[in-house]
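As a plain string of letters, each chain reads:
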Amino acid sequence: MLADARNVMPDELKFEGDKAFFTAALDRADLILHGRNSYEDQPNSPRRRRVILTRTVDAIAPDPSNPNATLWNPAGATFEAACAHAGMRDGTVAIIGGPGVFGMFMDRYDAFWLSVAPHVRLPGGEPCFPGVPARTPQEILAAQGLRGGDVRMLDAVHDVTVTPWRRSP
């Protein structure tokens, strides 16, 4: 789960090591893609170029509240068109969000970094992918042709880890 039953990321799911890893990854990305409920809320957030998934536009439009953001309705335009509108022709896209956003890109990920906090329970919470909890996130990533790499410890006190899942050539 990536949020509680109210669709909010609770404090018990926030770990400094995970936050530092996430922040560094976003700082390296050329573009951030996320849904309307996702926002990284960090000091560099306003400077990051982003595409926001929404149904409030027919296809693609500038975000009137953020000069670095493009609004994108996948029903009206391709992902490539949204990236082009955002000024991105090639580079790294960091996709953050929830099951709907992550599910849209399952067949396109080069890599997915899966963080796990094994001692946190969020009954009735928001799953990270469509199909969870019937299948584990690891089973879903593997079914999409991704293979888990070396596990990195992010918070030894709470056993929080991150694993890169990469597409097999």
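Described in the following lines is the structure provided in the data block. (Residues numbered from 1 in each chain as written. Predicted model: local features only at pLDDT ≥ 70, side-chain atom pairs only at ≥ 80, totals over all residues. Heavy atoms only, no water.)

Time to look at the overall build of the protein chain. The helix and strand tally for the protein chain stands at four helices and nine strands. Going from the N terminus to the C terminus, the protein chain shows its helices and strands as α-β-β-β-β-α-β-α-β-α-β-β-β. A globule of 169 residues ought to have a C-alpha radius of gyration of about 15 Å, and the protein chain, at 16 Å, matches this closely. On the principal axes, the C-alpha backbone points of the protein chain span a range of 45 × 35 × 30 Å. Looking at the protein chain as a whole, 43% of its 169 residues qualify as buried. A separation threshold of at least 6 residues defines the contact pool for the protein chain, and within that pool the share at least 24 residues apart is 49%. Carbon and sulfur atoms make up 53% of the accessible area of the protein chain, which amounts to about 9700 Å² in all. One finds the centroid of the 18 positive side-chain charges in the protein chain at a distance of 3 Å from the centroid of its 20 negative side-chain charges. (Helix = DSSP H or I, 4+ residues; strand = E, 2+ residues; numbered from the N terminus. Rg over C-alpha atoms; globule rule 2.2 N^0.38 Å. Buried < 20%, exposed > 50% of the residue type's maximum accessible area, 1.4 Å probe, protein only. Contact = heavy atoms within 4.5 Å. Areas by Shrake-Rupley, 256 points an atom, 1.4 Å probe, with all protein chains shown as cover. Lys, Arg positive; Asp, Glu negative; His and termini not counted. Charge placed at Lys NZ, Arg CZ, Asp CG, Glu CD.)

Ranked by size, the top nonpolar core spans 26 residues in total, and within it Leu33, Trp72, Tyr109, Phe112, Phe129 and Leu141 carry the most contacts. Listing elements by their share of this core, those giving two or more residues are strand S1 (31–34), strand S2 (50–53), helix H2 (79–85), helix H3 (99–104), strand S6 (111–116) and helix H4 (137–143). It is H2 that contributes the most residues to this core, three residues altogether. (Core = buried A, V, L, I, M, F, W, Y, C linked by side-chain atoms within 4.5 Å.)

An order of S3-S4-S2-S1-S5 is seen for the five strands of this open sheet, with the pairing classed as mixed. What marks the edges here is a single partner per strand, and that holds for strand S3 (60–62) and strand S5 (93–95). Sheet twist, expressed as the average angle between the axes of neighbouring strands with direction ignored, equals 25°. Across four bridges, the pairing between S2 and strand S4 (residues 69–72) is parallel. Paired with isoleucine 52 across the two strands is leucine 71, which belongs to S4. (Pairing = 2+ DSSP bridges. Axes fitted to C-alpha atoms, helices over the stretch in contact; angles between N-to-C directions.)

Counted under the stated rule, the structure contains four salt bridges. Between aspartate 4 and arginine 6 there is a salt bridge, with its nearest N and O atoms 2.9 Å apart. On the basis of relative accessible area, aspartate 4 is assigned to the buried category, the value being 12%. Two residues, aspartate 27 and arginine 48, come together in a salt bridge whose shortest N-O distance is 2.5 Å. Of the two residues, aspartate 27 is situated in helix H1 (residues 16–28) and arginine 48 in the loop between S1 and S2; the sequence distance between them amounts to 21 residues. (Salt bridge = Lys/Arg side-chain N within 4 Å of Asp/Glu carboxyl O.)

For H1, spanning 13 residues, the distance from its first C-alpha to its last is 18 Å, which sits close to the expected 18 Å at 1.5 Å a residue. Of the positions making up H1, those classed as buried are Asp18, Phe21 and Leu26. With its buried residues spanning 130° around the axis, H1 presents them on a single face. Facing away from the buried side of H1, by more than 90 degrees, are the exposed residues Glu16 and Arg28. (Expected span 1.5 Å × (residues − 1). Arc of directions from axis to C-beta.)

Our next topic: the environment of tryptophan 72. Residue position: tryptophan 72 is located in strand S4. Between the C-alpha atoms of tryptophan 72 and serine 115, which are 43 residues apart in sequence, the distance is 27 Å. Reaching out from tryptophan 72, the side chain makes a polar contact with the backbone oxygen of threonine 78 at a distance of 3.5 Å. (Polar contact = N/O pair within 3.5 Å; in protein donor to acceptor, adjacent residues only side chain to side chain.)

Attention now goes to the packing of aromatic side chains. Following the criterion strictly, the structure yields eight aromatic pairs and no others. Look at tryptophan 72 and phenylalanine 105: their rings are 6.5 Å apart centre to centre, the planes differ by 50°, and that puts the pair in the tilted class. You can see tryptophan 72 sitting in strand S4 and its partner phenylalanine 105 sitting in the loop between H3 and S6, a full 33 residues away along the chain. For tryptophan 72, a relative accessible area of 3% gives the class buried. Looking at phenylalanine 105, the relative accessible area reads 3%, which means it is buried. A centroid spacing of 5.2 Å and a plane angle of 85° characterise the contact between phenylalanine 102 and phenylalanine 112, whose relative ring orientation is edge-to-face. Of the two residues, phenylalanine 102 sits in helix H3 while phenylalanine 112 sits in strand S6, which places them ten residues apart along the sequence. (Phe/Tyr/Trp six-rings, centres within 6.5 Å; stacked < 30°, edge-to-face > 60°.)

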